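What follows is each chain in one-letter form.
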Amino acid sequence: MEYILDAWTHKLLPLDKRIKGFLHGYRQNIALLGDDPEENSYLIESYFSSGTFPECVRIHLTAAHIGRKEFYKGIIRSVLTTHCPGEHHIDTLINHCSETLPHTVATIKTAFKKHALHFTDILELITVYLDESDTRCILCIEEFHQLTHIFKNCFKAFSKFLLLQRNCMVVIACSLPKEGERILNGELNLLFGNFEKIHLSDQSFLNSYLFLRERLKSIPLPPFPLSFLIHHTGNNTLYTDYLAEQLTVHWIREGNSVDLTALFSELLYRRESFFFKKFSSHVSLIEEKHRDARLLLKLLISLSEGYMRKKELAESVFCDTREIRHKLAKLTDLNFVQKLGNIYKIKDPLFSFWLKHVYRTYYDPPTTDPFQRKRIWKLKIEETINIFKEEFYKNTLQKILDLVLSFQDDKLKAHSKKYSLPSIQRNTLLSYPHQNLSILIGEGKEVVFAGIVERDIADPDMFDFLERGKNIKGKKVRKIFIALGRIPATSKLIAKKNKLHAWDIDDLNNLLRIYNKPIISFTPSPAETVAEPPFPAEGQEAYPGKHTGAEMPQMSNQSNSRFLSPPDADV
C-alpha cells in the first residue's frame, strides 16, 4: 500500500480529481464540510501550494471577519495579480491592467463609485474578467455560510451565477456542517451546477492511523503512543501534523523514548501554546454569546468527564432533562457538541481533553501556587496515560466485551452509519480457536448473538456464522458479526439480506471512540502480543466462569427464554 505523503491527500483526493476534470472541460462544484475552520484552511492551502494551475486563475477568500470592500478588493487582487505579479497596491494593479483588461478595469471603477457594494458586483467582476481574459478560474470561499453577514440575500444571485457561468469552478468550505447542509439543501439546491459534498470529518480510523504513521516514519513509534495520539487528535489533519512535528523534535531530544506527559504539557498547558489559545477562544465565545455560559461550561466539563446521556448530564449539573436539552442545543449550534442519537459528545477530542485536565486546573485551581498546580497537572496526566495504557493492552476480546457492556439500548448515528445497540445484563463467551472465531451470547431486554473474527473475512465466514445461529430465533434476537479487519461489499449484502448487523474494524473503532475507549491497534507489536494473554485452546475456558465448547446451546424461539445461568463474575 502506498502511504500518504501530503497533508491534503488525507482528505482532498476528490477535490483534486474534480479540479483536474475542470481543467479538461468538466465542471463540478465542491463543498468542503468540516468541523474546524483552521483545519479547513490548512487543507486547502496545503492542496493549492502543492502544485500550480497555469490554465486557470485561483480566487481564494474567506467570508469570516471581513467587510464588503475588503471582500471586493480580495477579488480584484486575485484576478489582476495574475497579469501583474508581485505585491502591489490596488491602484497600481488597476493602472497596470488598464490597457490589457480595459473592460475589467472599467467594471472595477464603476463599482467603486457606488454607495454600497452588492454580491452581484462581485459576480459581475468575475464574469467580465473571464470573458475578457478567455480563461477559467477556481473561486474558493472559506466560511461561505457567513456570506449573508456581508451581503444580504446573496445566494439567489449566486445560484444564477452557478447555473450560467461554466468557466468558473466554485469550492466552498464551511466549519458548521449543519448550517452548510441547510444552505446546500435550500438556497443552493440547483438542478445544474450543484455541489458535491466532501465531509472532512468522515475519515476512517485506518486512514488517520496511516497518515500519522507516515508523518512519524522516521520514528519507530510503538502502537501505544500512536493510539494515544490518534485517540486525542481525532481526524484533525492540522492537529496530526502539528503534534507529529513537535513529537519528532521531542524524540530527537530525548533519544530513545516518547514522553507523552512532557509533550502534552508543552502543547496544552502553557498559556502561550497554540492549543491553549485556540481552546480558550472557545470558552470566550460561549461567554460572549450566552448569558448562561457558566452552566454551558459545566455541561462541557461533564461531557469531557464521560457523561454522555441527557439523564446523566442533568444529574451532573442539577438540571431537569428539558433544560439540559435546550442547553445542549446551544452547544450543538456552536459546533462544540454533536448529537449521536441519544448520546452527546464533544466534537473535538483534544478540546475535551483540555477542558478536563487544563481548564479546571487554571480556572478552578486546587491551589494558587503555580508550581504546585503544575505538579498536580502532571500527576493527573500521568494517571490518564496509565489508565489508557492499561485499557489499550487488554486482550482484544476483553476490549470488545467492555464495549458491548457499555451499551444501554443506545440508538446512534455516526459517520453516516446507524447503530442499534443492545443492553446486556448477562453474557457468555464461546471460543473456537482453530477457526479464529469467538461467539458472544448476551441476554437483557433481548438476546444478543455475536460472532467475532480477528481478521478480514470472506463470504463463507458470513454463511458459517448464519448457519451457527439459525436455531436462535425470535422477535427480540439481535445478531451481530464483528470483524477486526475488512468486510467485503458482498458479505455486507449477505448480512443485510439476513437482518444481520455487520461491523468491521472502522465500525468497532468508531464505537470505541464514542464510548471513550482506546481504539484497537491495526498493527500489534511483539510487546503488545506478549502483553495480551494467549487465546484459549478449544475446550478450555475463555474467561473464568464462562461457558465454552464446540457445541452451541439450543435456544427456544420464545423471546423471554432464560437460557443462561448467571455468570460467576463480570467480564
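Residues numbered from 1 in each chain as written. Predicted model: local features only at pLDDT ≥ 70, side-chain atom pairs only at ≥ 80, totals over all residues. Heavy atoms only, no water.

Let us now look at the sheet that holds strand E12 (residues 447-453). Within the open sheet, the five strands sit side by side as E10-E11-E12-E13-E14. Their pairing is mixed. Of all the strands in the sheet, the pair left with one neighbour each is strand E10 (424-432) and strand E14 (501-503). If you compare each strand with its neighbour and ignore which way they point, the axes differ by 20° on average. Across seven bridges, the pairing between strand E11 (residues 437-444) and E12 is antiparallel. Note that in E12 the partner of Leu437 across the bridge is Val453. (Pairing = 2+ DSSP bridges. Helix = DSSP H or I, 4+ residues; strand = E, 2+ residues; numbered from the N terminus. Axes fitted to C-alpha atoms, helices over the stretch in contact; angles between N-to-C directions.)

Moving on, we come to a positive patch on the surface. Where like charges cluster on the molecular surface, the positive patch consists of Lys178, Arg322, Arg325 and Lys339. With respect to the helices, strands and loops of the structure, Arg325 is situated in helix H17 (residues 321-333). (Patch = residues over 30% accessible without salt bridge, like charges linked within 9 Å, V, L, I, M, F, W, Y side chains within 5 Å. Areas by Shrake-Rupley, 256 points an atom, 1.4 Å probe, with all protein chains shown as cover. Salt bridge = Lys/Arg side-chain N within 4 Å of Asp/Glu carboxyl O. Lys, Arg positive; Asp, Glu negative; His and termini not counted. Charge placed at Lys NZ, Arg CZ, Asp CG, Glu CD.)

The next thing to look at is the pattern of salt bridges. Counted under the stated rule, the structure contains 30 salt bridges. A salt bridge links Arg18 to Glu196, with the shortest nitrogen-to-oxygen separation between them at 2.6 Å. With Arg18 in helix H1 (residues 13-23) and Glu196 in strand E5 (residues 195-199), this pair connects stretches of sequence that are 178 residues apart. Of the residues examined, Arg18 reaches a relative accessible area of 22% and is grouped as partly exposed. Here Arg478 ties to Glu446 by a salt bridge, and the two come within 2.4 Å at their closest N and O atoms. A residue pair is termed long-range when its members are at least 10 positions apart, and Arg478 in strand E13 (residues 477-483) and Glu446 in the loop between E11 and E12 qualify at 32 residues. Salt bridges sharing partners connect three or more residues here, namely Asp292, Glu323, Lys327 and Lys330. (Buried < 20%, exposed > 50% of the residue type's maximum accessible area, 1.4 Å probe, protein only.)

Of the residues in the protein chain, 88% reach a pLDDT of 70 or more, and the chain-wide mean stands at 84. Across residues 523-571, where pLDDT falls below 50, the model places 99 contacts with residues more than four positions away in sequence or in other chains. (pLDDT = per-residue confidence, 0-100. Contact = heavy atoms within 4.5 Å.)

This part covers the packing of helix H11 (residues 223-233) against helix H18 (residues 349-363). At a minimum axis distance of 6 Å, the contact between H11 and H18 shows a crossing angle of 95°. Regarding the angle of H11 to H18, the classification is roughly perpendicular. Between H11 and H18, the residues in contact are His231, His232 and Thr233 and Pro349, Leu350 and Phe353, respectively. Residues that form the contact of H11 with H18 fall into these classes: three nonpolar, three polar and no charged. (Parallel < 35°, antiparallel > 145°, perpendicular 65-115°, else oblique. Nonpolar A, V, L, I, M, F, W, Y, C, P; charged D, E, K, R; others polar.)

Turning our eyes to something else, we now look at the nonpolar core. In terms of nonpolar packing, the biggest core is built from 61 residues, with Leu229, Leu268, Ile286, Leu300 and Trp354 touching the most fellow members. The next biggest cluster of nonpolar side chains, apart from the first, holds 50 residues, and it includes Leu93, Tyr129, Val170 and Leu188. (Core = buried A, V, L, I, M, F, W, Y, C linked by side-chain atoms within 4.5 Å.)

A word on a nonpolar patch on the surface. Taken together, the side chains of Leu163, Leu164, Leu191 and Phe192 define a hydrophobic patch exposed on the protein surface, amounting to about 490 Å² of accessible area. Within the fold, Phe192 resides in the loop between helix H9 (177-185) and E5. By relative accessible area, which is 54% here, Phe192 ends up exposed.

Take the environment of Asn194 next. By the element assignment, Asn194 lies in the loop between H9 and E5. Given the relative accessible area of 29%, Asn194 is considered partly exposed. Along the primary structure Asn194 and Ser159 are separated by 35 residues, whereas in three dimensions their C-alpha atoms are 9.2 Å apart. When near neighbours in sequence (up to four residues on either side) are disregarded, Asn194 contacts Gln28, Asn29, Leu188 and Asn189. Looking at Asn194, its side chain comes within polar contact range of the main-chain oxygen of Leu190, at 2.7 Å. (Polar contact = N/O pair within 3.5 Å; in protein donor to acceptor, adjacent residues only side chain to side chain.)

Glancing now at the packing of aromatic side chains. With the rule as written, the count across this model stands at 35 aromatic pairs. A ring pair is formed by Phe274 and Phe275, whose centres lie 5.1 Å apart and whose planes are at 65°; its orientation type is edge-to-face. Phe274 gets classed as partly exposed once you look at its relative accessible area, which sits at 30%. Summarising the aromatic geometry, the rings of Phe279 and Phe351 are spaced 5.3 Å apart at their centres and angled 35° between planes, so their arrangement reads as tilted. On the criterion of sequence distance, the pair formed by Phe279 in helix H14 (residues 274-289) and Phe351 in helix H18 is long-range, its members being 72 residues apart. By relative accessible area, which is 0% here, Phe279 ends up buried. Looking at Phe351, the relative accessible area reads 1%, which means it is buried. Here the guanidinium or amino end of Lys399 rests over the ring plane of Phe392, the centre of that ring lying 4.7 Å away. (Phe/Tyr/Trp six-rings, centres within 6.5 Å; stacked < 30°, edge-to-face > 60°. Lys NZ or Arg CZ within 6 Å of the ring centre and 35° of its normal.)

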